[in-house]
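If you want the building blocks of each chain, they are given just below.
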Amino acid sequence: MAAFAPKYKPEDHWLVKSGIKTVLDVGAHTGEFAQRIRAILPDADLVCFEPLREPFLALSQRFAGQPNFKAVQCALGEKAAQCEIHHNEYAPSSSLLPMTELHKRSFTFAVEEKTEIIEVRRLSDVVRELNLRDPLLLKLDVQGFEDKVIIGGEDVVARAKMIIIEVSFRPLYKEGPLFEDIYKILKTRGLTYNGNFDQLLSPEDGRPLQADAIFCRA
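Remember, it's a predicted structure, so these values are computed and weren't measured experimentally.

### With respect to the overall build of the protein chain
Scanning the protein chain for helices and strands turns up 8 helices and 10 strands. Projecting the C-alpha coordinates of the protein chain onto the three principal axes gives extents of approximately 45 × 40 × 40 Å. Per-residue burial for the protein chain yields a buried fraction of 51% across its 218 residues. When the accessible surface of the protein chain is summed, it comes to about 10800 Å², and 54% of that surface belongs to carbon and sulfur atoms. Each charge sign in the protein chain was given a centre, from 28 positive and 32 negative side chains, and these centres are 5 Å apart.

In structure tokens form, the structure reads like this:
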């Protein structure tokens, strides 16, 4: 039965028809989004960025031997540097920014952390080393560093047909942008908000806390 099951959910059909040739997965962790998007867009080139050692190794092993796949071990930001990241016990919550008390209170399994020195590069610099096929889908899941990635990759953002970006409606990382900030940033760059790919509700009161927002170029 599994062999004949759909490879994507019916609501993802619009993505199948999007014509995307390259997916840039920034903040790939161990490849959760990458695996989902590969099922939807199996012929697209997939470039994944993950700075943490252990998740990067798991990501590389997960896609070992698969065609049109490349993994890059680095974080992305507005300038190249060696930085200290807050490596959270729940690795997907790791960030270059300190966590707020709201985050710790909402997700008690993501409180303890250690530090790790990682490489930060500019998206524009990395892309110069790659032969990317347009149209592009840029996915950003960088725990409050979204605006920094955009600043460091203006030419890539300008090329992107679609951006799926994690946004917060309440502050989860200190000095991190909220949805309205990201909305303004991307609107000025010619992208329009088209709803959410996924949404996370607060375990405290059920309010929307985060979403993977979809922005498209007309």
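### Considering unusual backbone geometry
Cis geometry is found at the peptide bond from Asp134 to Pro135, where omega equals 0°. Among the secondary structure elements, Pro135 is positioned in the loop between α5 (123-127) and β7 (136-140). Unusually for a residue other than glycine, Gln143 sits at a positive phi of about 50°. Mapping Gln143 onto the fold places it in the loop between β7 and α6 (146-151). Gln143 sits in the buried class, given a relative accessible area of 6%.

### What to know about the packing of aromatic side chains
With the rule as written, the count across this model stands at 9 aromatic pairs. Ring centres 5.1 Å apart and planes at 90° place the aromatic pair Tyr90 and Phe109 in the edge-to-face group. On the criterion of sequence distance, the pair formed by Tyr90 in the loop between β5 (81-88) and α4 (101-106) and Phe109 in the loop between α4 and β6 (113-121) is long-range, its members being 19 residues apart. By relative accessible area, Tyr90 is classed as partly exposed at 39%. Between Tyr193 and Phe215, the ring centres sit 5.5 Å apart and the planes meet at 50°, which makes this aromatic pair tilted. Of this pair, Tyr193 sits in strand β9 (residues 191-201) while Phe215 sits in strand β10 (residues 208-217), and the two are 22 residues apart along the sequence. Judged by its relative accessible area of 0%, Phe215 is buried.

### A short note on the nonpolar core
The tendency in soluble globular proteins is for nonpolar side chains to be buried as a group. Formed by 46 residues in total, the largest nonpolar core has its most connected members in Phe49, Leu76, Leu138, Ile163, Ile165, Leu186 and Phe215. In terms of nonpolar packing, the next biggest core, distinct from the first, is built from 21 residues, Ala34, Leu59, Phe69 and Met162 among them.

### As for the sheet that holds β9
Spatially, β3-β2-β1-β7-β8-β10-β9 is the arrangement adopted by the 7 strands of the open sheet, whose pairing is mixed. Edge positions in the open sheet fall to β3 (69-72) and β9, since each of these has one partner strand only. Within this sheet the neighbouring strands show an average axis-to-axis angle of 15°, counted without direction. Relative to the sheet, helix α8 (residues 179-187) contacts β8 (160-168), β9 and β10, its axis offset from that of β8 by approximately 165°.

### So, the side chain of Ser18
Positionally, Ser18 belongs in the loop between α1 (13-16) and β1 (22-26). A residue is classified by how much of its surface remains accessible, and Ser18, at 9% relative accessible area, is buried. A polar contact of 2.6 Å, which involves the side chain of Ser18, links it to the backbone oxygen of Leu15. What Ser18 contacts, discounting residues up to four positions off in sequence, is Leu41, Lys161 and Met162.

The rules behind these values
Residues numbered from 1 in each chain as written. Predicted model: local features only at pLDDT ≥ 70, side-chain atom pairs only at ≥ 80, totals over all residues. Heavy atoms only, no water. Helix = DSSP H or I, 4+ residues; strand = E, 2+ residues; numbered from the N terminus. Buried < 20%, exposed > 50% of the residue type's maximum accessible area, 1.4 Å probe, protein only. Areas by Shrake-Rupley, 256 points an atom, 1.4 Å probe, with all protein chains shown as cover. Lys, Arg positive; Asp, Glu negative; His and termini not counted. Charge placed at Lys NZ, Arg CZ, Asp CG, Glu CD. Phe/Tyr/Trp six-rings, centres within 6.5 Å; stacked < 30°, edge-to-face > 60°. Core = buried A, V, L, I, M, F, W, Y, C linked by side-chain atoms within 4.5 Å. Pairing = 2+ DSSP bridges. Axes fitted to C-alpha atoms, helices over the stretch in contact; angles between N-to-C directions. Contact = heavy atoms within 4.5 Å. Polar contact = N/O pair within 3.5 Å; in protein donor to acceptor, adjacent residues only side chain to side chain.

Purely geometric stuff here, so don't read any function into it on its own.
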